[in-house]
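Read off the chains here:
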Amino acid sequence: MSQAIRAVRGMNDILPAEAPLWTHFESVVRDWLAAYGYRELRTPILEHTGLFKRAIGEVTDIVEKEMYTFVDELNGESLTLRPEGTASGVRAVIEHNLLFDGGKRLWYMGPMFRHERPQKGRYRQFHQVGVEALGFAGPDLDVEHLLMTARLWKRLGLAHHVRLEINTLGGAASRARHRDKLIAYFETRREQLDEDAQRRLYSNPLRILDSKNPAMREMVEAAPKLMDELDEDALNHFAAVRQGLEDAGIAYRINPRLVRGLDYYNYTVFEWITDCLGAQGTVCAGGRYDGLVEQLGGKPAPACGFAMGVERLLALLAETGQTFAEPAPDAYIVNVGEAAGRFAQRAAETLRDAGLAVVLHGGGGSFKSQMKKADASGARHALIIGEDEAVAGELSIKPLRGGGEQRRVALDAAAMLLQAASTNPET
Ligand code: ATP
Ligand code: MG
């Protein structure tokens with residue numbers, strides 16, 4: 001035997017036993033998005049590398065070290081597997097001029113790719129559901145997103161397992177003032193900065209505040225606060241967001257150190273965090289990014305949005321003890337003999353015509369071994385076809401759950417009996 005090839009490290013298979021959890025999550029998510037009037041946008045998984053450099057920022061974890069970037073050998077273009085969804089979404093909105101008749105509410109779902117160290121809750125291929133509202137300037141959309149996310153946690157049964165942190169990053173002018181003060185502050189404490197922070201001192205000092213290095217914590221806590229630099233507009237916007245949360249009765253904490261790992265944010269930023277998953281506790285993150293559309297070459301348009309990590313939310317669902325069974329078929333057809341096999345194939349198709357879910361035994365074997373498979377399939381009924389039944393055009397229905405006698409009936413009658421059983425689980 002030759003050696004088996006394994007999946008790429010940090011990239012997971014989602015096996016049939018786990019799929020029902022994903023399906024459940026996705027269907028809750030689709031209903032929830034429809035309830036707010038959001039429309040789906042699907043973009044390619046590959047984009048030009050320049051898109052992410054320009055959108056996310058050159059001096060960010062993602063662009064500096066996490067992107068899967070390669071040269072397309074056929075034409076020399078640099079391409080990147082998308083590390084997040086906002087850049088692609090904004091690119092598509094500009095490219096197709098989607099804002100021509102006003103603001104748009106959009107969502108996407110799919111795999112993202114980041115070359116990080118794989119660990120619990122952190123993978124190299126992971127999935128996000130993202131929501132973007134483009135062309136809306138007011139805090140009402142920020143509030144909508146916060147209310148929306150709160151509702152999703154309720155629908156998923158997670159409301160008691162997540163908490164909300166918010167902050168405001170202000171506008172460009174106040175960020176520039178704050179930046180100057182930060183640089184001055186860190187310059188006088190240069191010996192306490194770690195390697196990342198040294199490198200970012202002039203290129204992106206705000207990101208030093210986001211550092212997870214405990215040795216720098218105290219110094220970071222005492223650094224000049226952006227809050228002190230905010231202009232009236234930013235303060236009013238933030239006050240309206242807080243008011244919206246209070247009107248809706250959603251608890252939150254203001255975290256002045258919340259800055260987010262991407263450059264494009266301004267004004268509101270937020271994270272939903274859980275304490276049930278260890279270090280990888282942020283399950284949803286987002287905020288306002290009013291400059292991005294223009295930065296990517298579009299007509300200036302305000303925007304805000306958020307993305308959630310599907311793997312982390314599913315881990316949280318599992319943590320709360322929620323389980324989701326694979327759907328069981330209505331019937332499993334057991335058949336022995338050549339004529340029986342042919343009739344079984346026809347019977348299965350006829351029953352499917354009647355809207356039933358039917359698994360036809362494959363691979364032969366004795367009645368006894370086939371009955372074991374029928375039982376393990378979770379089907380409500382086994383349908384048994386031997387040479388006798390095949391000749392008569394009949395099948396024997398054996399209830400596998402909840403008792404009842406085995407009965408031999410014609411194919412049409414079997415369809416009706418199974419339909420009745422599938423709409424009325426008590427019979
Ligand atoms: P973190 O601080 O955990 O690295 P981030 O700020 O890089 O997160 P975002 O870019 O805001 O994350 O992505 C939004 C969400 O996507 C995160 O809150 C998280 O739930 C999820 N996520 C991000 N990176 C990964 C990953 N490598 N594996 C699994 N989920 C991830
Ligand atoms: Mg990250």
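The rules behind the values
- Residues numbered from 1 in each chain as written.
- Chains lettered and ligands numbered in written order.
- Predicted model: local features only at pLDDT ≥ 70, side-chain atom pairs only at ≥ 80, totals over all residues.
- Heavy atoms only, no water.
- Helix = DSSP H or I, 4+ residues; strand = E, 2+ residues; numbered from the N terminus.
- Rg over C-alpha atoms; globule rule 2.2 N^0.38 Å.
- Buried < 20%, exposed > 50% of the residue type's maximum accessible area, 1.4 Å probe, protein only.
- Contact = heavy atoms within 4.5 Å.
- Areas by Shrake-Rupley, 256 points an atom, 1.4 Å probe, with all protein chains shown as cover.
- Lys, Arg positive; Asp, Glu negative; His and termini not counted.
- Charge placed at Lys NZ, Arg CZ, Asp CG, Glu CD.
- Expected span 1.5 Å × (residues − 1).
- Arc of directions from axis to C-beta.
- Pairing = 2+ DSSP bridges.
- Axes fitted to C-alpha atoms, helices over the stretch in contact; angles between N-to-C directions.
- Near = heavy atom within 4 Å.
- Polar contact = N/O pair within 3.5 Å; in protein donor to acceptor, adjacent residues only side chain to side chain.
- Nonpolar A, V, L, I, M, F, W, Y, C, P; charged D, E, K, R; others polar.
- Salt bridge = Lys/Arg side-chain N within 4 Å of Asp/Glu carboxyl O.
- Core = buried A, V, L, I, M, F, W, Y, C linked by side-chain atoms within 4.5 Å.

Student: I tried to follow the overall build of the chain on my own but got confused; where do I start?
Tutor: A tally of regular secondary structure across the chain gives 15 helices and 16 strands. Against the compact-globule benchmark of 22 Å for 427 residues, the chain has a radius of gyration of 28 Å, which places it well outside the compact range. Principal axes of the C-alpha set define a box for the chain whose edges measure 90 × 55 × 45 Å. Scored against the burial criterion, the 427 residues of the chain give a buried share of 48%. Across the chain, every contact between residues at least 6 apart in sequence was considered, and the portion connecting residues at least 24 apart equals 70%. Accessible area for the chain stands at about 21,400 Å²; split by element, carbon and sulfur atoms hold 51% of it. Of the charged side chains in the chain, 51 are positive and 58 negative; the average position of the first set lies 2 Å away from that of the second.

Student: Would you mind showing me how to read helix H12 (residues 338-353) here?
Tutor: Side chains of residues three or four places apart in an α-helix project in the same direction, reflecting 3.6 residues per turn. Over its 16 residues, H12 extends 23 Å from the first C-alpha to the last, a length consistent with the 22 Å expected when each residue adds 1.5 Å. Those residues of H12 that fall on the buried side of the exposure criterion are Ala340, Phe343, Ala344, Ala347, Ala348 and Leu351. Mapping the buried residues of H12 onto a view down its axis gives an arc of 145°, with all of them on the same face. More than 90 degrees from the buried face of H12, the exposed residues found are Glu338, Arg342, Arg346 and Asp353. Those residues of H12 that are buried lie in contact with strand E12 (331-335), strand E13 (358-360), strand E14 (381-385), helix H14 (387-392), strand E15 (394-399) and helix H15 (411-423). The first or second residue beyond H12 is Gly355, which carries a positive phi of 90°.

Student: Teacher, can you tell me more about the sheet that holds strand E3 (residues 69-71) here?
Tutor: Within a sheet, each strand pairs with its neighbour through backbone hydrogen bonds, oriented either parallel or antiparallel. Taken in spatial order, the 3 strands line up as E2-E4-E3 in an open sheet, and their pairing is antiparallel. Every other strand in the sheet has two partners, leaving strand E2 (46-48) and E3 as the edge strands with one partner each. Across the sheet, the mean angle from the axis of one strand to that of its neighbour is 35°, orientation sign disregarded. Pairing between E3 and strand E4 (residues 78-81): 3 bridges, direction antiparallel. The partner of Val71 across the bridge, within E4, is Ser78. On top of the sheet, helix H2 (residues 49-56) reaches E2, E3 and E4; it is set at about 75° to E2, its chief contact.

Student: Even after reading the chapter, I still don't get the site of ligand 1, so can you show me in this structure?
Tutor: Around ligand 1 lies a shell of 16 residues, among which Arg114, Glu116, Arg122, Arg260 and Thr282 are the nearest. In the model, an oxygen atom of ligand 1 is placed 2.8 Å from a nitrogen or oxygen of the Arg122 side chain. One of the side-chain N or O atoms of Gln128 is found 3.0 Å from an oxygen atom in ligand 1. Burial of ligand 1 by the protein amounts to 89% of the accessible area it has alone, namely 590 Å². Residue assignment for the shell around ligand 1 shows that the elements contributing at least two residues are strand E6 (125-134), strand E10 (282-288) and strand E11 (303-309). Residues belonging to the shell around ligand 1 are distributed by class as follows: 6 nonpolar, 4 polar and 6 charged.

Student: Can you walk me through the sheet that holds E13 in this structure?
Tutor: In spatial order, the strands read E13-E12-E14-E15-E16; together these 5 strands make up an open sheet with mixed pairing. With one partner strand each, in any of the chains shown, E13 and strand E16 (407-410) form the two edges of the open sheet. Strand-to-strand twist of the sheet, defined as the mean angle between neighbouring strand axes without regard to direction, takes the value 30°. Bridging between E12 and E14 involves 5 bridges; their strand directions are parallel.

Student: Hey, could you run me through the pattern of salt bridges in this one?
Tutor: Pairing is possible between side chains of opposite charge, provided their charged atoms come close. Inspection of the entire model under this criterion finds 26 salt bridges. A salt bridge links Lys65 to Asp61, with the shortest nitrogen-to-oxygen separation between them at 3.7 Å. Of this pair, Lys65 and Asp61 both sit in helix H3 (residues 61-66), 4 residues apart, which is roughly one turn of the helix. Classification of Lys65 by relative accessible area gives partly exposed; the value is 44%.

Student: Even after reading the chapter, I still don't get the nonpolar core, so can you show me in this structure?
Tutor: Counting residues in each nonpolar core, the largest one holds 44 residues, and the members touching the most others are Leu134 and Phe186. For this core, the secondary-structure elements that each account for two or more residues are H2, H3, helix H4 (86-95), helix H6 (172-187), helix H8 (217-221), strand E9 (266-273) and helix H10 (292-295). Setting aside chain neighbours within four positions, we find Leu134 in contact with Val90, Val93, Leu99, Gly103, Lys104, Leu106, Tyr289, Val293, Pro302 and Ala303. Counting 42 residues, the second-largest nonpolar core is a separate cluster that includes Val29, Phe136, Leu146 and Leu156.

Student: What's the story with the side chain of His237 in this structure? I'm lost.
Tutor: Among the structural elements, His237 can be located in helix H9 (residues 232-248). Residue classification places His237 among the buried positions, given a relative accessible area of 8%. A distance of 3.1 Å separates the side chain of His237 from the side chain of Asp142, its partner in a polar contact. Those residues in contact with His237 that lie beyond four places of it in its chain are Ala137, Gly138, Pro139, Asp142, Tyr267, Thr268 and Arg288.

Geometry only, nothing functional implied.
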